[in-house]
Amino acid sequence: MSNLERHLERILSTIGLSGDSLEYWRFLMLAVLLMLVSYTAFRLTKSYIIGLLYAVFKRTAFTWDDVLVDRNALNSMAHIVPAVLIKAAVPLLFRDFEALIPFAGKLANCYLLVVGMGVVISFVSTVEYILSQSVVFAEKPVSSYFQLVRMVIYIITFILVLSELLNKTPVYFLSAFGAMTAVLLLIFKDTIMGLVASVQISANEMVRVGDWVEMPKFNADGDVIAINLYTVKIRNWDKTITTVPTYYFITDSFKNWRGMHESGGRRIKRSLYINVNSVRFVDPLTREQYKKYFLIKDFIASRQLEIDAFNAQHDVDTSQLINGRRMTNIGVFRNYAQAYLTSHPLIRQDMTLLVRQLAMEDRGLPLEVYCFTATTKWRDYEEIQSNIFDHLIAAAGFFDLELFQQPSGRDFSNRFKTPPEARAETAG
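Here is what the cut-offs are and how they apply
- All residue numbers refer to position in the chain's written sequence, counted from 1.
- Thresholds applied to this predicted model are a pLDDT of at least 70 for local features of residues and 80 or more for the giving and counting of side-chain atom pairs; totals over whole chains, interfaces and linings are not thresholded and use all residues.
- Side-chain calculation: all heavy atoms of the structure are included, whereas hydrogens and water are not.
- We count a stretch as a helix when DSSP gives it H or I for four or more residues in a row; a strand needs E for two or more, and each element gets its number in order from the N terminus.
- Accessibility here uses a 1.4 Å probe with only protein chains present; expressed as a share of the type maximum, an area under 20% marks a residue as buried, one over 50% as exposed, and anything in between as partly exposed.
- Here, two residues are considered to be in contact whenever any of their heavy atoms come within 4.5 Å of each other.
- For a helix, the expected span equals 1.5 Å multiplied by the residue count minus one.
- At least two DSSP bridges between two strands are required for those strands to pair.
- Interaxial angle, 0 to 180 degrees, is taken between N-to-C directions of lines fitted to C-alpha atoms, where a helix line uses only the stretch in contact.
- For Phe, Tyr and Trp, where Trp contributes only its six-membered ring, two rings pair if their centres lie within 6.5 Å, and the inter-plane angle classes them as stacked under 30 degrees, edge-to-face over 60, or tilted in between.
- In this scheme, the term charge over a ring applies when either NZ of a lysine or CZ of an arginine sits within 6 Å of the ring centre and within 35 degrees of the ring normal.
- An angle counts as roughly parallel when it lies under 35 degrees, as roughly antiparallel when it exceeds 145, as roughly perpendicular when it falls between 65 and 115, and as oblique in every other case.
- Classification convention: Asp, Glu, Lys, Arg as charged; Ala, Val, Leu, Ile, Met, Phe, Trp, Tyr, Cys, Pro as nonpolar; all other residues, Gly among them, as polar.

**Things to note about the overall build of the protein chain**
Here is step 1: Each helix and strand in the protein chain was counted, giving 17 helices and eight strands.
Here is step 2: In the protein chain, buried positions account for 33% of the 428 residues.
Here is step 3: Relative to all contacts within the protein chain whose residues are 6 or more apart in sequence, the contacts with residues 24 or more apart total 63%.

Here it is in structure tokens:
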């Protein structure tokens, strides 16, 4: 160091600088020289030393160290060398300004603390990435916990920097923060609520990344793509993104379709509305026609035997259709729909399967189909559902049943249109 000082003094005296300004010029030249040396050390460390470590990591059999290379996690370590150089050079740099040495030393220590924080944050981010790619943690809100870890690291670094600058112990600031608990709770309200919500969501497995959720309050309907400390991101089916505060998932109701995916079956629950004016008893001639329908021919035969036995036992006069037990066209159609679903290869037979009547409405008598498809894929589900109702709507006419729909203006026009023969008579 003394040789460097003498060399600098010879250079300054050669260019004619002396007296009171000499110490300022010396400080300036040392500062510039320190900056150049620190930058050169940073570049050399990053390019050669860290580059060599990256090359070694790439050749190892482990995979986790490859993540360090891919994410350049060690680059922040290159700042340690210039930080140490600056710390060591403070006494020489401020030799002519001894009153500033303590403060400059504190600034150098703060720089070391910030650099150390950057190194720790880099490794924390790398660990977060590795865990998020793991199958075990794929559906866990890993980012929420690591956001909290980063926040704790920032707070600790901030306290250490303050204690270094103000020459106070960290305990002093922690006690001061204790007195400001109410203010801190107000400032970090969202953070605390988000943390509590993340823990509850994770512990109870309420929501996972990849789940299909519905939250009508936020017009959210789609797949969860990210869960962090503050928000849950949902990609809606129209490809928009809805961001919902995490704590709303424990304070508000929402629907999670994960159970449907895990069951392997998706529910069909839709009704055909029958015009009640088309409902009638089945006469013998119609019954013979129904026996030709493959899916219900056995049902027609067995049910008629049951009905005949009942009517004979109770001596019922069967000359009138209203007497005794009779089949109805809507009852036969209901059993036909049940048989059609039972024989359908894409309908789950181990789940609830029924065709039932609901309470009559102004639109007619609802005949509800309730069953589960053998797939949960949206496109396949809609295809199966459409094919089923295509068939049932077309089949209703074979049972002399009319399906209800709201009449249009054309229906009224056709209803009151004068028939051709009536118009001919009028003209005659």
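Once the structure has been displayed, the description carries forward.
**Looking at helix 5 (residues 101–133)**
Here is step 1: Here helix 5 contains 33 residues, and its C-alpha end-to-end distance of 48 Å stays within 8% of the 48 Å for a straight helix at 1.5 Å per residue.
Here is step 2: Along helix 5, the residues classified as buried are Ala104, Gly105, Ala108, Cys110, Val115, Met117, Val119, Ile121, Ser122, Val124, Thr126 and Glu128.

**Structural notes on the sheet that holds strand 7 (residues 354–357)**
Here is step 1: The antiparallel open sheet is built from three strands, whose spatial order is 6-8-7. Only two strands of the sheet have a single neighbouring strand rather than two, namely strand 6 (266–274) and strand 7. Sheet twist, expressed as the mean angle between neighbouring strand axes with direction ignored, is 20 degrees.
Here is step 2: As paired elements, strand 6 and strand 8 (residues 365–373) share nine bridges and run antiparallel to each other. The residue of strand 8 that forms the bridge with arginine 267 is phenylalanine 372.
Here is step 3: Its contacts with the sheet put helix 14 (residues 329–342) on strand 6, strand 7 and strand 8, and the angle it makes with strand 7 is roughly 155 degrees.
Here is step 4: Across the sheet, helix 15 (residues 378–396) is in contact with strand 6 and strand 8; its angle to strand 6 comes to roughly 25 degrees.

**Some remarks on the pairing of strand 2 (residues 220–227)**
In the case of a regular strand, side chains alternate between the two sheet surfaces.
Here is step 1: Two strands pair when backbone bridges link them, and strand 1 (residues 212–215) and strand 2 are joined in this way by four bridges, in the antiparallel orientation. Paired with valine 213 across the two strands is glycine 222, which belongs to strand 2.
Here is step 2: Turn length for the strand 1-strand 2 hairpin, with the two strands adjacent in sequence and antiparallel, is four residues, and the turn residue asparagine 219 shows positive phi of about 55 degrees.
Here is step 3: Hairpin remark: strand 2 followed by strand 3 (residues 231–236), antiparallel, with three residues in the connecting loop.

**As for the environment of isoleucine 192**
Here is step 1: Position of isoleucine 192 among the secondary structure elements: in helix 9 (residues 189–204).
Here is step 2: The spatial distance from the C-alpha of isoleucine 192 to the C-alpha of leucine 148 is 9.6 Å, given a sequence separation of 44 residues.

**Brief notes about the packing of aromatic side chains**
Here is step 1: Within the structure shown, the criterion is met by 13 aromatic pairs.
Here is step 2: Where tryptophan 212 meets tryptophan 237, the ring centres are 5.4 Å apart and the plane angle is 80 degrees; that geometry is what we call edge-to-face. Here tryptophan 212, found in strand 1, pairs with tryptophan 237, found in the loop between strand 3 and strand 4 (241–245); they are 25 residues apart in sequence, far enough to count as distant.
Here is step 3: Of the residues examined, tryptophan 212 reaches a relative accessible area of 9% and is grouped as buried.
Here is step 4: Note on tryptophan 237: relative accessible area 36%, which makes it partly exposed.
Here is step 5: Geometrically, the ring pair formed by tyrosine 247 and tyrosine 248 is tilted, given 5.0 Å between the ring centres and 35 degrees between the ring planes.
Here is step 6: Overall, the relative accessible area of 18% leaves tyrosine 247 in the buried class.
Here is step 7: The side chain of arginine 266 reaches across the aromatic face of tryptophan 257, ending 5.8 Å from its centre.
Here is step 8: Between arginine 266 and the ring centre of tyrosine 381, over which it is positioned, the NZ or CZ distance is 4.2 Å.

**Re the packing of helix 4 (residues 80–93) against helix 5**
Here is step 1: Where helix 4 meets helix 5, the closest approach of the two axes is 9 Å, and the angle between their N-to-C directions is 170 degrees. When the interaxial angle is binned, helix 4 and helix 5 end up roughly antiparallel. The segment helix 4 lies against helix 5, with Ile80, Pro82, Ala83, Val84, Ile86, Lys87, Val90 and Pro91 engaging Ile101, Ala104, Gly105, Ala108, Asn109, Tyr111, Leu112, Val115 and Val119.
Here is step 2: Considered class by class, the residues forming the contact of helix 4 with helix 5 number 14 nonpolar, two polar and one charged.

These results come straight from atomic positions and should not be treated as a statement about function.
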